[in-house]
Amino acid sequence: MPSGRDEIGLYYLESGFNREEMSFRFGQHLIKPSVVFLKTELSFALVNRKPVVPGHVLVCPLRPVERFRDLRPDEVADLFQATQRVGMVVEKHFQGTSLTFSIQDGPEAGQTVKHVHVHVLPRKAGDFHRNDSVYDELQKHDKEEEDSPTLWRSEEEMASEAAALRVYFQ
Ligand code: AMW
């Protein structure tokens, strides 16, 4: 089905379009506005269907480009400013004391969704036996052999988390 872009930069399906049904593109996925908690001029942030730690969220450019090198300078600036704001919010909301930021940029780096995204994970003492094990978890949590829809959170749970995070940006 063809897609289009409206004046505020959301990607949507042309057929039967109306504003309530507008979705965000995240690679091959269509993301409902209910799970998005921040939208800036060029970026958006969504909650994760399979978080590695509580508060593991994703920040993406609105334009669905595959690799970090494909972003324009204004998109990089907007994405990183949004990531900084999102980091502060999830660290506070999930009572973290540190943050892990990660971009898996290309399949050999563990990228499964072909749309640039920054993983933002609140961290706290003892969340993993070994601190850097978070990278092993990130690498494998959404690989085909480790992933299945039965392990995804419900839309209700994700929407409720997004609603709680949205409040910080109002
Ligand atoms: W990658 O391995 O491409 O760096 O990370 C993809 C991330 O996107 C994973 O954390 C995965 O759980 C998450 N994800 C994939 N599809 C969706 C979706 N439809 N909604 C929310 N999160 C998603």
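The shown structure was predicted, so the numbers you read here are calculated from the model rather than taken from an experiment.

## Considerations on the environment of Leu 138
Residue position: Leu 138 is located in helix α2 (residues 133–140). With 28 residues separating them along the chain, Leu 138 and Gly 110 place their C-alpha atoms 8.0 Å apart. Among all residues touching Leu 138, those that are not within four sequence positions of it are Val 52, His 56, Ser 102, Gln 104, His 119 and Leu 121.

## Focus on the sheet that holds strand β9 (residues 118–123)
Spatially, five strands are ordered β5-β6-β7-β9-β8 in an open sheet, and the strand pairing comes out antiparallel. Lying at the two open borders of the sheet, with one neighbouring strand each, are β5 (36–39) and β8 (98–102). Sheet twist, expressed as the mean angle between neighbouring strand axes with direction ignored, is 20°. In this sheet, β9 lies alongside strand β7 (residues 57–61) in antiparallel orientation, the contact comprising three bridges. Bridge pairing in β9 places Val 59 opposite Val 118. Sitting on the sheet, helix α3 (residues 155–166) touches β5, β6 (43–47) and β7, and the angle it makes with β5 is about 35°.

## Some remarks on the layout of surface pockets
Taken as a whole, the largest pocket holds about 610 Å³ of empty space. Phe 26, His 29, Ile 31, Arg 49 and Trp 152 are the residues nearest the centre of the largest pocket, which is lined by 27 residues in total. Among the secondary structure elements, those contributing two or more residues to the lining of the largest pocket are β4 (29–31), β6 and α3. Counting residues per element, the lining of the largest pocket draws most heavily on β4, at three residues. Of the residues contributing to the lining of the largest pocket, the split by class is ten nonpolar, eight polar and nine charged.

## Focus on the site of the ligand
Taken together, 20 residues lie near the ligand, and Asn 48, Thr 112, His 117, His 141 and Asp 142 sit nearest. Of all the cavities here, the one that holds the ligand is the largest pocket. Taken together, the elements giving at least two residues each to the shell around the ligand come down to β4 and β6. Taken together, the residues of the shell around the ligand sort by class into seven nonpolar, ten polar and three charged.

## Re the packing of aromatic side chains
Scanning the entire structure with this criterion turns up three aromatic pairs. Residues Phe 24 and Phe 44 carry aromatic rings whose centres are separated by 4.9 Å and whose planes lie at 35° to one another, so their mutual orientation is tilted. In this pair, Phe 24 is assigned in strand β3 (residues 24–26) and Phe 44 in strand β6, connecting sequence segments 20 residues apart. Geometrically, the ring pair formed by Phe 68 and Phe 80 is edge-to-face, given 5.9 Å between the ring centres and 65° between the ring planes. Of the two residues, Phe 68 sits in the loop between β7 and α1 (73–93) while Phe 80 sits in helix α1, which places them twelve residues apart along the sequence. Its end group placed over the ring of Trp 152, Arg 49 keeps NZ or CZ at 3.4 Å from the ring centre.

## Considerations on the UniProt feature "active site" (unreviewed entry) in the protein
UniProt tags His 117 as "active site" (unreviewed entry). Within the fold, His 117 resides in the loop between β8 and β9. In this structure His 117 comes out as buried when scored by relative accessible area, which is 6%. With residues near it in sequence (within four places) discarded, His 117 still touches Phe 26, Leu 58, Val 59, Cys 60, Ser 102, Ile 103 and Gln 111. A distance of 2.6 Å separates the side chain of His 117 from the backbone oxygen of His 115, its partner in a polar contact.

Parameters at a glance
- Residues numbered from 1 in each chain as written.
- Predicted model: local features only at pLDDT ≥ 70, side-chain atom pairs only at ≥ 80, totals over all residues.
- Heavy atoms only, no water.
- Helix = DSSP H or I, 4+ residues; strand = E, 2+ residues; numbered from the N terminus.
- Contact = heavy atoms within 4.5 Å.
- Pairing = 2+ DSSP bridges.
- Axes fitted to C-alpha atoms, helices over the stretch in contact; angles between N-to-C directions.
- 1 Å grid on protein atoms, 1.4 Å probe; cavity = no way out; pocket = protein on both sides within 12 Å on 5 of 7 lines; lining within 4 Å.
- Points joined across faces, edges and corners; volume = space filled by probe spheres on them.
- Nonpolar A, V, L, I, M, F, W, Y, C, P; charged D, E, K, R; others polar.
- Near = heavy atom within 4 Å.
- Sits in = over half its atoms within 2 Å of the grid points.
- Phe/Tyr/Trp six-rings, centres within 6.5 Å; stacked < 30°, edge-to-face > 60°.
- Lys NZ or Arg CZ within 6 Å of the ring centre and 35° of its normal.
- UniProt positions renumbered as here; feature names shortened; annotations may be inferred.
- Buried < 20%, exposed > 50% of the residue type's maximum accessible area, 1.4 Å probe, protein only.
- Polar contact = N/O pair within 3.5 Å; in protein donor to acceptor, adjacent residues only side chain to side chain.

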